[in-house]
Amino acid sequence: MTSALPPGHLWRDRTLNCMSVQCMANMSLKPVLKLKVDELFLRWLSEEDTQQFLQDSLRQMTIGGDGVSAPSSPTSKNGRPLSPRQRGGSPPYSPPPGLTASPRRPSSPRKHRDTSKPTSPGDGSCREFQRFTEARTNGRDAEKGFTEFPALVGEMRASRTTKLTEAKPSRRTPVATTTNTKQQPSVVAASAAAAAAAAVDPVPIPRFYFPQGRSLLGNQIEAQLQRVAAAFGKFGEGKVTREDFGDVAKACGCPLYWKVPLYLAAGGEKHGHVTVQTFTAFWKKLISSCHDDASKFVLLLAKTGSSCLVPEDFFPLIQDVVDTHPGLSFLSEAKEFHSRYVHTVIARIYYCVNRSWTGRISVPELRKSNFLQVLALLEEENDINQITDYFSYEHFYVVYCKFWELDKDHDLFISKYDLRRHNDHALSARIVDRIFSGAVTRGQAQQEGRMSYSEFVWFLISEEDKRNARSIEYWFRCMDLDGDGMLSMYELEYFYEEQLQRMEALGIETLPFEDCLCQMLDMVKPKGIGAITLSDLKRCQMTPVFFDTFFNLEKYLDHEQRDPFASSRDEEGPEMSDWEKYAAEEYELLVAEEGATEPQDDVAVMYDDDFEPDDDDVISTTDVSGGGKSSKSDNVRPRVDDDDEGDYAEGEEYDVKT
């Protein structure tokens, strides 16, 4: 439904009067509310339909027409046009001046205003709009003048913003006063242009995350390929075998003991050698996706399509260390110990590197560990025992001897009853049951109630070094019965009950659980109330005392009787971990025991030149064992105690001390 507008001059007067009424009503509003009302009004003026209507009206007034039909609008039931707020897709508009009330006082009844009064000269927006309409009626080009309407709207908005800033200055930034108000449109236009340019052409943010490392430059890649070609050129026909692949690894900038993974990944196992063309194509593909050592190492060892390393992936690498490292040359004749050493090293690698307990080493875990640095150190250190992380043979020897003592049937698996005999039954039965419950073990052996050799490596390191973060996680998992990530008072009391019973059986004065709990809470200082979390224990510096109190009676009594200042007085030189101290002491004891069991062939002839023995004191020089000296591998056998008779397989011979 359309309504005819009055003649041009009448429409202009009414429009200006309405604007004056609206501006006068706005003067009574608060600055913030007034700004919002003006913004809504300008938004309505900026609509395409409104601009088209004003353009047609100005054109009709310029040519002197009687009126123009307004655009059709939806109507209500009583015939009145609906509010723009009720139309679909229309933005909100300014409310009528008569309906606007101050927020601090109730609205008063509408009063009829005299619309014949002139527009208030105090309102900038009304004054600018009047100037605009007068310019259109004075004969200016309507089309050209209407194109300036958006600029006029921006100027009116800037004027109101300046007034609001002057009326309510900010507490943090000083109010910028302008002396020339004619510069405001240019400032607004400049800021609008800058905002538009920023939206169209945003500032690029340099890349800061490289999951596979930073890539090499083109000249660096070319120089690396030239070194690889030179390394292949040293060998006939450009073919390199497995034994000589160390030169190629060094030419690629990799540590020496990456040679076997590189050789296998380049397809050397299939043909027995690798050509320069094959390796160059392989290396270009590798460095195009992997740019740091960790990502390259995982891609070299992992199976096709896998992004993580499983224990079997390390076998060729560790076996090459056994075969070629000078510190392990004595193992060349003891082939039966190669597999045991390889499994020990791999178990220690996963114990320290695989912090997620998934059994799969990822690239981030490898980056956070020191394994690649230790692997590179093998090239520089000839004494394998000086590398106490992962590869020490003395540490392997201690672990394997301890396992052999518990494994009666020597099938490389032990039961919970075997584990209870560790260290003269020092561990409580309840903690042993938790170890075999699956809290820290997995796989088929765990389901059968047995512990494999690799799992025993984890157990022994955790038992002897309870300051290590991995060891704390190990024992926390065992003591967390319900798996809620917290050690409650009930769980602590559950493990301490058996300790009380064992102390009472030995006639040792016991400490009530309430008193023990107070001591533990004072020592750990947990952040929460009523429970101890894993982070609380990792912050504590006395975790060995905490864990031994609840499941290791022998070490608990040792802590009670030890001088707290003795360890600080005895420490000299570089600090060693608890595991390194234990391994060094046990290795010396094991070597001493082996020396005592070996036959002393030269004892009788030491003093032949000094005296002549009597007939009753003849010293026999025959070998008491009936043969030559036994090798070190033959002496890696457990001692037979009185209660262990009959537990060994038939046909096996063991040395029995009498």
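Residues numbered from 1 in each chain as written. Predicted model: local features only at pLDDT ≥ 70, side-chain atom pairs only at ≥ 80, totals over all residues. Heavy atoms only, no water.

This part covers the overall build of the chain. Across its full length, the chain carries 30 helices and six strands. Across the 658 residues that make up the chain, the buried fraction comes to 38%. As displayed, the chain has an accessible area near 38,700 Å², and 52% of this comes from carbon and sulfur atoms. (Helix = DSSP H or I, 4+ residues; strand = E, 2+ residues; numbered from the N terminus. Buried < 20%, exposed > 50% of the residue type's maximum accessible area, 1.4 Å probe, protein only. Areas by Shrake-Rupley, 256 points an atom, 1.4 Å probe, with all protein chains shown as cover.)

A word on the state of the cysteines. All told, the structure shown has zero disulfides when counted by the stated rule. Here Cys 252 stays unpaired: no disulfide links it, and the sulfur of Cys 254, its closest cysteine neighbor, is 5.5 Å away. Left without a disulfide partner, Cys 516 is nearest to the cysteine sulfur of Cys 518, which lies 9.2 Å away. (Disulfide = S-S within 2.5 Å.)

So, on to the UniProt feature "domain: EF-hand" (unreviewed entry) in the chain. What UniProt calls "domain: EF-hand" (unreviewed entry) maps, in this numbering, to residues 467-502. Its end C-alpha atoms 25 Å apart, residues 467-502 is made of 69% helix and 8% strand. (UniProt positions renumbered as here; feature names shortened; annotations may be inferred.)

Quick look at the environment of Asp 320 now. Inspection of the secondary structure assignment puts Asp 320 in helix α14 (residues 315-324). By relative accessible area, which is 8% here, Asp 320 ends up buried. Separated by 62 residues in sequence, Asp 320 and Trp 258 have C-alpha atoms that sit 9.6 Å apart. Residues within four places of Asp 320 in sequence aside, it is in contact with Tyr 257, Lys 259, Val 260 and His 325. (Contact = heavy atoms within 4.5 Å.)

As enumerated under the stated definition, the model contains 23 salt bridges in all. With its nearest N and O atoms 3.1 Å apart, the salt bridge here joins Glu 379 to Lys 250. Of this pair, Glu 379 sits in the loop between α17 (371-377) and α18 (393-406) while Lys 250 sits in helix α9 (residues 246-251), and the two are 129 residues apart along the sequence. Exposure remark for Lys 250: the relative accessible area of 42% places this residue in the partly exposed category. (Salt bridge = Lys/Arg side-chain N within 4 Å of Asp/Glu carboxyl O.)

Time to look at the packing of aromatic side chains. In this structure the tally under the stated criterion is 40 aromatic pairs. Relative to Phe 495, the ring of Tyr 494 has its centre 5.2 Å away and its plane inclined at 80 degrees; by these criteria the two rings are edge-to-face. Note on Phe 495: relative accessible area 0%, which makes it buried. Both rings, one in Phe 546 and one in Phe 547, keep their centres 5.4 Å apart while their planes meet at 75 degrees; by these two values the pair is edge-to-face. Exposure remark for Phe 546: the relative accessible area of 0% places this residue in the buried category. On the basis of relative accessibility, which here comes to 0%, the residue Phe 547 falls in the buried class. The lysine or arginine in question, Arg 430, covers the ring of Tyr 494, its NZ or CZ lying 4.4 Å from the ring centre. The residue whose ring lies beneath Arg 477 is Trp 357, and the NZ or CZ to ring-centre distance is 4.1 Å. (Phe/Tyr/Trp six-rings, centres within 6.5 Å; stacked < 30°, edge-to-face > 60°. Lys NZ or Arg CZ within 6 Å of the ring centre and 35° of its normal.)

It is worth spelling out the packing of helix α15 (residues 338-353) against helix α22 (residues 453-464) at this point. Close contact between α15 and α22 brings their axes to 9 Å; oriented N to C, the two are set at 55 degrees. Between α15 and α22, the angle is such that the two are oblique. Here α15 and α22 pass one another in a crossing that is right-handed. Contacts between α15 and α22 pair Arg 340, His 343, Thr 344, Ala 347, Arg 348, Tyr 350 and Tyr 351 from the former with Tyr 453, Ser 454, Val 457, Trp 458, Ile 461 and Ser 462 from the latter. Of the residues that constitute the contact of α15 with α22, the class distribution is seven nonpolar, four polar and two charged. (Axes fitted to C-alpha atoms, helices over the stretch in contact; angles between N-to-C directions. Parallel < 35°, antiparallel > 145°, perpendicular 65-115°, else oblique. Left-handed = near helix turned anticlockwise from the far one by under 90°. Nonpolar A, V, L, I, M, F, W, Y, C, P; charged D, E, K, R; others polar.)

Bringing the confidence of the model for the chain into the picture now. For the chain, the average pLDDT comes to 74, and 63% of its residues sit at 70 or higher. Scored below 50 in pLDDT, residues 1-12 shows 29 contacts in the model against residues more than four places distant or in partner chains. Counting contacts from residues 601-658, a segment whose pLDDT is below 50, to residues more than four positions away or on other chains yields 47 contacts. (pLDDT = per-residue confidence, 0-100.)

Moving on: the nonpolar core. Phe 279, Phe 297, Phe 314, Phe 371, Phe 391 and Phe 546 are the most contacted members of the largest nonpolar core, which has 120 residues in total. Among the elements that line this core, the one with the most residues is α18, at ten residues. Counting five residues, the second-largest nonpolar core is a separate cluster that includes Leu 42, Leu 45, Phe 53 and Leu 54. (Core = buried A, V, L, I, M, F, W, Y, C linked by side-chain atoms within 4.5 Å.)

Bringing helix α3 (residues 48-63) into the picture now. Spanning 16 residues, α3 covers 23 Å between terminal C-alpha atoms, matching the ideal 22 Å at 1.5 Å per step. By the burial criterion, the buried members of α3 are Thr 50, Phe 53, Leu 54, Gln 55, Ser 57 and Leu 58. (Expected span 1.5 Å × (residues − 1).)

A few words on the environment of Glu 365. Here Glu 365 lies in helix α16 (residues 363-368). Here the alpha-carbon distance between Glu 365 and Cys 352, two residues 13 residues apart in the chain, equals 9.7 Å. Sequence-distant contacts of Glu 365, defined by excluding residues within four places in its chain, comprise Val 353, Asn 354, Arg 355, Ser 356 and Arg 360. Of the polar contacts made by the side chain of Glu 365, one reaches the side chain of Asn 354; its length is 3.2 Å. (Polar contact = N/O pair within 3.5 Å; in protein donor to acceptor, adjacent residues only side chain to side chain.)

Before going further, it helps to examine a nonpolar patch on the surface. A surface patch of nonpolar side chains, about 460 Å² in accessible area, is lined by Ile 205, Phe 208 and Tyr 209. Secondary-structure assignment places Phe 208 in the loop between α7 (184-200) and α8 (218-233). By relative accessible area, Phe 208 is classed as exposed at 72%. (Patch = residues over 30% accessible without salt bridge, like charges linked within 9 Å, V, L, I, M, F, W, Y side chains within 5 Å.)

Note that Arg 348 resides in helix α15. Buried Arg 348, no salt bridge; nearest opposite-charge side chain is Asp 389, N-O distance 5.1 Å. Beyond its immediate chain neighbours, meaning those up to four positions away, Arg 348 contacts Thr 388, Asp 389, Tyr 390, Ser 392, His 395, Val 457, Ile 461 and Trp 579. (Lys, Arg positive; Asp, Glu negative; His and termini not counted.)

Although it is not a glycine, His 410 adopts a positive phi angle of roughly 55 degrees. Looking at the secondary structure, you find His 410 in the loop between α18 and β3 (413-415). Phi is positive for Asn 423, which is not a glycine, with a value near 55 degrees. Positionally, Asn 423 belongs in the loop between α19 (416-420) and α20 (429-439). The exposure class assigned to Asn 423 is partly exposed, which follows from its relative accessible area of 30%.

Turning our eyes to something else, we now look at the packing of α15 against α18. At a closest axis distance of 10 Å, the pairing of α15 and α18 adopts a crossing angle of 100 degrees. With respect to α18, the axis of α15 lies roughly perpendicular. Residue-level contacts link Arg 340, Tyr 341, Thr 344 and Arg 348 of α15 to Tyr 393, His 395, Phe 396 and Tyr 400 of α18. Of the residues contributing to the contact of α15 with α18, the split by class is four nonpolar, two polar and two charged.

The next subject is the side chain of Asp 313. Mapped onto the elements of the fold, Asp 313 is located in the loop between α13 (293-301) and α14. The buried category is assigned to Asp 313, whose relative accessible area is 9%. With near-sequence residues (within four places) excluded, Asp 313 lies in contact with Leu 301, Ala 302, Lys 303 and Cys 308.

So, on to the environment of Asp 411. Within the secondary structure, Asp 411 is located in the loop between α18 and β3. Using a relative accessible area of 30% as the deciding quantity, one classes Asp 411 as partly exposed. When the C-alpha atoms of Asp 411 and Ser 452 are compared, they prove to be 9.4 Å apart, with 41 residues separating the residues in sequence.

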